[in-house]
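Coordinates in review
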2 protein chains.
Amino acid sequence: MARWEPDARGRMLTAALELFAEKGYDGTTAGDIAARAGVTERTFFRHFADKREVLFANPNSLDEMVVKAIAAADEQATPLEMVIGGVRAAAVGLAEARTREQAAQRSRIVEATPALQERELLKMAAMTAAAQAALAERGVGEPTAAMAAYGGVAVFQTAFSRWVSGATDLGLPECVDEAAATLRALT
Amino acid sequence: MARWEPDARGRMLTAALELFAEKGYDGTTAGDIAARAGVTERTFFRHFADKREVLFANPNSLDEMVVKAIAAADEQATPLEMVIGGVRAAAVGLAEARTREQAAQRSRIVEATPALQERELLKMAAMTAAAQAALAERGVGEPTAAMAAYGGVAVFQTAFSRWVSGATDLGLPECVDEAAATLRALT
């Protein structure tokens, strides 16, 4: 890929968020997004299969970061700590790829559009399954692997909704730390 | 409703599970289900909007059970214990409405059919939101309410997948106890 393309991706994300907010998700076409971002439709479709993927395609795969962190985790860590370490790594990656304002705008659009909400939930389910499989690779049995995977992703979801709520100045990784501490205090 | 109708619902669920397993979800019509269950199509549509709803309509609303249990929970309980108490009540209700074999058959069909998987995930997201709102009603602040709601639903999901896996003889409510004990041991 040419050097300018990552920037084109960022412009298309910004354009899509603006247009979805202005005209609604259903009222916006891929062509609208391309025009606003100053790229051709051809360029748009070289990056994204459709307008939905502008919101979901992630250059740094979050699942991969979670799996790698679990594989590399310290022997001494509990399975839940391994998953929380994984979602924290994913949080660092996500916060590098998007500003909080972009993430919050995106969340509002996803919440308001059932097809996007379903896609988001499938993403979380895939992250849970990936974490559970990575724990199994490390020899963690059931139901511990499932509980650690669901619990770690619950920490991520709590952190993410906190981050985009505007109720805190913490960054996303620090929101993961806060949610993990909250879970420990609750149990 | 006439007295025989709850039984007709049970027959339609059994018929749907058999037919989805035999002919696939897409290859089965509402008419097929009605015929196998020995009811008219009219009766089918008096109970269910479509074939999907045979798998999702629940006479005892799980969300309602969770919300009621949280509202009635002991003052001394932590917010996570309140949600776990709620999902345990839902587990009791669910295990009364379905046998493990029915739940396992249903899970296999849901896992294999993306549209059904999305519906199932939306159900879990709705349960989380209901639990979070019920905790807010009791004065629990954020991020504690979100963490307790996501964490409690994570316990339910772990328990449910354990129950239908066939790896244990425990009932669903006991699987909730097992998952909750696992979470405590992990934190």
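Everything below is about the structure printed above this text.
Figured I'd write up the structure that's included with this text. (Residues numbered from 1 in each chain as written. Chains lettered and ligands numbered in written order. Predicted model: local features only at pLDDT ≥ 70, side-chain atom pairs only at ≥ 80, totals over all residues. Heavy atoms only, no water.)

**Some thoughts on the overall build of chain A**
When helices and strands are tallied, chain A shows ten helices and zero strands. For chain A, the C-alpha radius of gyration of 18 Å lies close to 16 Å, the compact-globule estimate for 187 residues. Taken along its principal axes, the extent of the C-alpha atoms in chain A is 50 × 35 × 30 Å. By the burial criterion, 50% of the 187 residues in chain A qualify as buried. Restricting to contacts in chain A with at least 6 residues of sequence separation, those with at least 24 account for 66%. A total accessible area of about 8500 Å² is found for chain A, and carbon and sulfur atoms account for 52% of it. Averaging the coordinates of the 20 positive side-chain charges in chain A and doing the same for the 25 negative ones gives two points 5 Å apart. (Helix = DSSP H or I, 4+ residues; strand = E, 2+ residues; numbered from the N terminus. Rg over C-alpha atoms; globule rule 2.2 N^0.38 Å. Buried < 20%, exposed > 50% of the residue type's maximum accessible area, 1.4 Å probe, protein only. Contact = heavy atoms within 4.5 Å. Areas by Shrake-Rupley, 256 points an atom, 1.4 Å probe, with all protein chains shown as cover. Lys, Arg positive; Asp, Glu negative; His and termini not counted. Charge placed at Lys NZ, Arg CZ, Asp CG, Glu CD.)

**Some remarks on the relation of the copies chain A and chain B**
Mapping chain A onto chain B is achieved by rotating through 180 degrees and translating by 0.0 Å along the same axis, at an RMSD of 0.0 Å. Here the transformation between the copies is reduced to the relation of a two-fold axis. Looking at the interface residues of chain A, 97% of them are also at the interface in chain B, so both copies use one shared face. (Least-squares fit on C-alpha atoms with pLDDT ≥ 70 in both.)

**Structural notes on the packing of helix α6 (residues 79–97) of chain A against helix α10 (residues 172–186) of chain A**
Residues and elements named next belong to chain A. Remark: α6 packs on α10, axes separated minimally by 8 Å, with the N-to-C direction vectors making an angle of 155 degrees. Taken together, α6 and α10 sit at an angle that is classed as roughly antiparallel. Crossing hand, α6 versus α10: right-handed. Mapping the contact onto sequence places Leu80, Ile84, Val87, Arg88, Ala91, Val92, Leu94 and Ala95 in α6 and Leu172, Pro173, Glu174, Val176, Asp177, Ala180 and Leu183 in α10. (Axes fitted to C-alpha atoms, helices over the stretch in contact; angles between N-to-C directions. Parallel < 35°, antiparallel > 145°, perpendicular 65-115°, else oblique. Left-handed = near helix turned anticlockwise from the far one by under 90°.)

**Observations concerning the packing of aromatic side chains**
By the definition in use, this model includes ten aromatic pairs over all chains. Taken together, a centroid distance of 5.0 Å and an interplanar angle of 65 degrees make the contact between Phe20(A) and Tyr25(A) edge-to-face. Both rings, one in Phe44(B) and one in Phe45(B), keep their centres 5.0 Å apart while their planes meet at 80 degrees; by these two values the pair is edge-to-face. Owing to a relative accessible area of 43%, Phe45(B) belongs among the partly exposed residues under this scheme. Ring pairing ties together the aromatic residues Phe44(A), Phe45(A) and Phe48(A), which thus form one cluster. Lys51(A) extends its terminal NZ or CZ atom over the ring of Tyr25(A), reaching a point 4.4 Å from the ring centre. In this structure, Arg106(A) is placed above the aromatic ring of Phe56(A), and the distance from its NZ or CZ to the ring centre is 4.9 Å. (Phe/Tyr/Trp six-rings, centres within 6.5 Å; stacked < 30°, edge-to-face > 60°. Lys NZ or Arg CZ within 6 Å of the ring centre and 35° of its normal.)

**What to know about helix α6 (residues 79–97) of chain B**
Helix length check: α6(B), at 19 residues, gives a terminal C-alpha distance of 27 Å against a target of 27 Å (1.5 Å per residue), a fit within 8%. At its buried positions, α6(B) is contacted by α10 of chain A together with α5 (62–72), α8 (114–137), α9 (144–165) and α10 (172–186) of chain B. (Expected span 1.5 Å × (residues − 1).)

**Some remarks on the pattern of salt bridges**
In this structure the tally under the stated criterion is 25 salt bridges over all chains. For Arg119(A), the salt bridge goes to Glu53(A), with nearest N and O atoms at 3.0 Å. Taken as a pair, Arg119(A) in helix α8 (residues 114–137) and Glu53(A) in helix α4 (residues 51–56) lie far apart in primary sequence, 66 residues in all. By relative accessible area, which is 16% here, Glu53(A) ends up buried. Among the salt bridges present, the one from Lys23(B) reaches Asp32(B), with a minimum N-O distance of 3.1 Å. (Salt bridge = Lys/Arg side-chain N within 4 Å of Asp/Glu carboxyl O.)

**Quick look at the packing of helix α7 (residues 100–112) of chain B against α8(B)**
Residues and elements named next belong to chain B. Between α7 and α8, the shortest axis-to-axis distance is 5 Å and the interhelical angle comes to 110 degrees. Here α7 is positioned roughly perpendicular relative to α8, judged by the angle of their axes. Where α7 abuts α8, its residues Arg106, Ile109, Val110, Glu111 and Ala112 lie against Pro114, Leu116, Gln117, Glu120 and Lys123. Of the residues contributing to the contact of α7 with α8, the split by class is five nonpolar, one polar and four charged. (Nonpolar A, V, L, I, M, F, W, Y, C, P; charged D, E, K, R; others polar.)

**What to know about the interface of chain A and chain B**
Counting residues at the interface gives 29 residues for chain A and 28 residues for chain B. Both sides of the chain A and chain B interface together cover about 2700 Å² of buried area, and 77% of this is carbon and sulfur. Run the count over chain A and chain B and you get zero salt bridges. When residues of the side of chain A that touches chain B are traced back to their parent elements, those giving at least two are α6, α8, α9 (144–165) and α10 of chain A. In terms of residue count, α9(A) provides more of the side of chain A that touches chain B than any other element does, twelve residues in total. Across the side of chain A that touches chain B, the residue classes tally to 15 nonpolar, nine polar and five charged. (Buried area = accessible area lost by both parts, 1.4 Å probe.)

**Structural notes on the side chain of Arg98(B)**
Residues and elements named next belong to chain B. Summarising the element assignment, Arg98 is placed in the loop between α6 and α7. Here Arg98 is buried and forms no salt bridge, its nearest opposite-charge partner Glu120 lying at an N-O distance of 6.8 Å. Of note is the side chain of Arg98, whose polar atom sits 3.3 Å from the backbone oxygen of Leu55. Not counting the four nearest positions on each side in its chain, Arg98 is found in contact with Leu13, Leu55, Ala57, Asn58, Arg106 and Trp163. (Polar contact = N/O pair within 3.5 Å; in protein donor to acceptor, adjacent residues only side chain to side chain.)

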